[in-house]
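If you want the building blocks of each chain, they are given just below.
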Amino acid sequence: MTTLLVSCLSKAFGSQPVLTGIDLEVPEGSLTAVLGPSGSGKTTLLRVVAGFERADRGTVTVGGTPVDDGHRFVPSEQRGIGYVPQEGSLFPHLTVEANVAFGVRRHPRGWRRLTAPSQRGPAGRPGASVGALLDMVGLAGLGGRYPHQLSGGQQQRVALARALARGPSLVLLDEPFSSLDASLRASVRADVQGVLRDRGTTAVLVTHDQDEALSIADQVAVVRGGRVGQCGTPQQLYDHPSTPELARFLGDANLVTGTVVGDRVDTPFGVLPLRAAPGTPPPAAGLVTALVRPEQLRVETGAGPGMPALVLRREFHGHDTLVTVEPAVGPAGERGNGRADPVSIRADGDLVLPVRAPVRVTATGSVLVWPTGS
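Residues numbered from 1 in each chain as written. Predicted model: local features only at pLDDT ≥ 70, side-chain atom pairs only at ≥ 80, totals over all residues. Heavy atoms only, no water.

Peer 1: Describe the overall build of the chain, with residues and values.
Peer 2: Across its full length, the chain carries eight helices and 20 strands. When burial is assessed residue by residue, the chain has 48% of its 374 residues classed as buried. For the chain, the proportion of contacts with a sequence separation of at least 24, taken over those separated by at least 6, is 66%. Here the chain has roughly 17,200 Å² of accessible surface; of this, 51% comes from carbon and sulfur atoms. (Helix = DSSP H or I, 4+ residues; strand = E, 2+ residues; numbered from the N terminus. Buried < 20%, exposed > 50% of the residue type's maximum accessible area, 1.4 Å probe, protein only. Contact = heavy atoms within 4.5 Å. Areas by Shrake-Rupley, 256 points an atom, 1.4 Å probe, with all protein chains shown as cover.)

Structural data, given as structure tokens:
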């Protein structure tokens, strides 16, 4: 196992800066997701760590050894890092067995393979057999097939086995599930997560999928504009995003205007307790922007407390229903046309409400706030 440390890392292509001072620490044995929109620098960061690109400034340290610090540059093949690209990049003319074995040991006939089964060691470490690796990733008995004879999920498992074949100290995964359909993506990423955890492998996963990052990572680093905007556990980031922009990026978010009075905040949905971010002083009294997640909201019909609204649409997802309403009165973030922003509510899957039905919306739990205009 090993720790990855990236300090003040910068990288530009010509006059276009991509990384502008990234700091990131990946603890040994953990899975860290690097989350960000397209063009934020995620893949460039991974390529610099892998040694496919040289940093302009800053340092990359793997297992306590600098591999790129402006003076020393360790070639990619000497870093002990496994790399799983987005599309798997398997060799179409080689069998599954030969793809996994490629790059480990030079064979007299020109391709590379692992040791024979009689010489096998622990799966995923030097000396492991191809069979042991394929069994580890759930592909036992498929070593003789070619990539075109496999499903997309099976191809990604082969790519993972190949990355683990040398017993790397660190594995980098560059959006390896993005080309898979939704149901297959969930099962394959669960399998990959299980393999990495079983081996205690330090791993970095690049993704633009918030659900993916929050569901499988031990730590999430949000990259925006070439920097890490916030890093922490999935729960920390979801509950305590550092800015309203990050709150929206890390899941569905209702950002409404509220008024702080003591340790509570008056919102369009009622008066709710304040949730303070760890290590930050309580906000001063006055106008704020409050974060209310859709799952905190309740939609009711008939008279009673809460924000009056009209149903705009209902999206049924089976396990739940996303209801979007338009506030009938009260500013939930006024827009230029004088109407309030729509509000999203995550309700039970069997909730049925007709469009334009009058409802009222209340909230439960505490809310995080920022000064208005932040």
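Following the structure, the description resumes.
Peer 1: Tell me about the sheet that holds strand β13 (residues 270-273), and name the residues and values.
Peer 2: Across the sheet, five strands lie side by side as β13-β12-β11-β14-β20; this open sheet has antiparallel pairing. The open sheet is flanked by β13 and β20 (368-371), the only strands paired with a single partner. In this sheet, neighbouring strand axes are inclined to one another by 40° on average, regardless of whether the strands run parallel or antiparallel. Bridge analysis of strand β11 (residues 254-261) against strand β12 (residues 264-267) gives three bridges, and the strand direction is antiparallel. The residue of β12 that forms the bridge with T259 is D266. (Pairing = 2+ DSSP bridges. Axes fitted to C-alpha atoms, helices over the stretch in contact; angles between N-to-C directions.)

Peer 1: With reference to specific residues and values, describe the environment of G131.
Peer 2: Looking at the secondary structure, you find G131 in helix α3 (residues 130-136). For G131, a relative accessible area of 45% translates into the label partly exposed. Taking C-alpha positions, G131 is 7.5 Å from G143, a pair spaced 12 residues apart along the chain.

Peer 1: How would you sum up the packing of aromatic side chains? Please name residues and give values.
Peer 2: Any pair of aromatic rings gets described here by the distance separating the centres and the angle formed by the planes. Inspection of the entire model under this criterion finds two aromatic pairs. Judged by centre distance (5.0 Å) and plane angle (80°), the rings of F52 and Y83 are edge-to-face. Here F52, found in the loop between α1 (42-50) and β4 (57-62), pairs with Y83, found in strand β6 (residues 81-84); they are 31 residues apart in sequence, far enough to count as distant. Judged by its relative accessible area of 36%, F52 is partly exposed. Seen from their ring centres, F91 and F102 are 4.7 Å apart, and the 50° between their planes marks the pair as tilted. (Phe/Tyr/Trp six-rings, centres within 6.5 Å; stacked < 30°, edge-to-face > 60°.)

Peer 1: Could you give an account of the nonpolar core, naming the residues involved and the relevant values?
Peer 2: Side chains that are nonpolar tend, in soluble globular proteins, to be buried together. Among the nonpolar cores identified, the biggest contains 31 residues, and V84, V100, V158, L160, L173, V192 and L196 are the most heavily contacted of them. Counting only elements with at least two residues in this core, the list comes to α2 (96-101), α3, α4 (152-164), β7 (170-174), α5 (182-199) and β8 (202-207). Examining the composition of this core, we find that six residues originate from one element, α4, more than from any other. When residues no more than four places from it in sequence are discounted, the contact partners of L173 are L46, V84, V192, L196, A203, V204, L205 and V206. The next biggest cluster of nonpolar side chains, apart from the first, holds 26 residues, and it includes L19, V26, V60 and L172. (Core = buried A, V, L, I, M, F, W, Y, C linked by side-chain atoms within 4.5 Å.)

Peer 1: Can you tell me about the pairing of strand β19 (residues 358-363), naming the residues and giving the values?
Peer 2: Regular strands have side chains that alternate between both faces of the sheet. In terms of burial, β19 is a largely internal element, five of the six residues being buried. Strand direction decides the pairing type here: strand β15 (residues 297-300) and β19, joined by four bridges, are antiparallel. Counted as the bridge partner of E300 is R360 from β19.

Peer 1: Residues and numbers for the packing of α4 against α5, please.
Peer 2: Running from amino to carboxyl end, α4 crosses α5 at an angle of 20°, the nearest separation of the two axes being 10 Å. Taken together, the axes of α4 and α5 lie roughly parallel to each other. Classified by chirality, the crossing of α5 by α4 is right-handed. Along the contact surface, α4 presents G153, Q156, R157, L160 and L164, while α5 presents L184, V188, D191, V192, V195, L196 and R199. (Parallel < 35°, antiparallel > 145°, perpendicular 65-115°, else oblique. Left-handed = near helix turned anticlockwise from the far one by under 90°.)

Peer 1: Explain unusual backbone geometry to me, using residue names and the numbers behind them.
Peer 2: With phi around 45°, E175 is a residue other than glycine that occupies positive phi space. Looking at the element boundaries, E175 is found in the loop between β7 and α5. In this structure, R356 is a non-glycine residue whose phi angle is positive, near 75°. Mapped onto the elements of the fold, R356 is located in the loop between β18 (343-348) and β19. Judged by relative accessible area, R356 falls into the partly exposed class, the value being 44%.

Peer 1: How would you summarise the pattern of salt bridges if you had to cite specific residues and measurements?
Peer 2: Overall, the coordinates contain 10 salt bridges when judged by the stated rule. For the salt bridge of D252 with R346, the shortest nitrogen-to-oxygen distance reads 2.6 Å. Here D252 is found in the loop between α8 (244-249) and β11, whereas its partner R346 is found in strand β18, with 94 residues between them in sequence. For R346, a relative accessible area of 27% corresponds to the partly exposed category. Through salt bridges with shared partners, a single ionic network connects D252, D320 and R346. (Salt bridge = Lys/Arg side-chain N within 4 Å of Asp/Glu carboxyl O.)

Peer 1: Describe the side chain of T207, with residues and values.
Peer 2: Looking at the element boundaries, T207 is found in strand β8. Looking at T207, the relative accessible area reads 2%, which means it is buried. Polar side-chain contacts of T207 include one of 2.9 Å to the backbone nitrogen of D209. With sequence-adjacent residues up to four places away left out, T207 is seen in contact with V34, L35, G36, K42, E175, E212 and A213. (Polar contact = N/O pair within 3.5 Å; in protein donor to acceptor, adjacent residues only side chain to side chain.)

Peer 1: Tell me about α5, residues and numbers included.
Peer 2: With 18 residues, α5 should cover 26 Å at 1.5 Å per step; its first-to-last C-alpha distance of 26 Å lies within 8% of that length. Structurally, α5 contributes buried residues whose contacts are with β3 (31-35), α3, α4, β7, β8 and α6 (210-216). Taken from the residues just after α5, G200 is the one with a positive phi, measuring 65°. (Expected span 1.5 Å × (residues − 1).)

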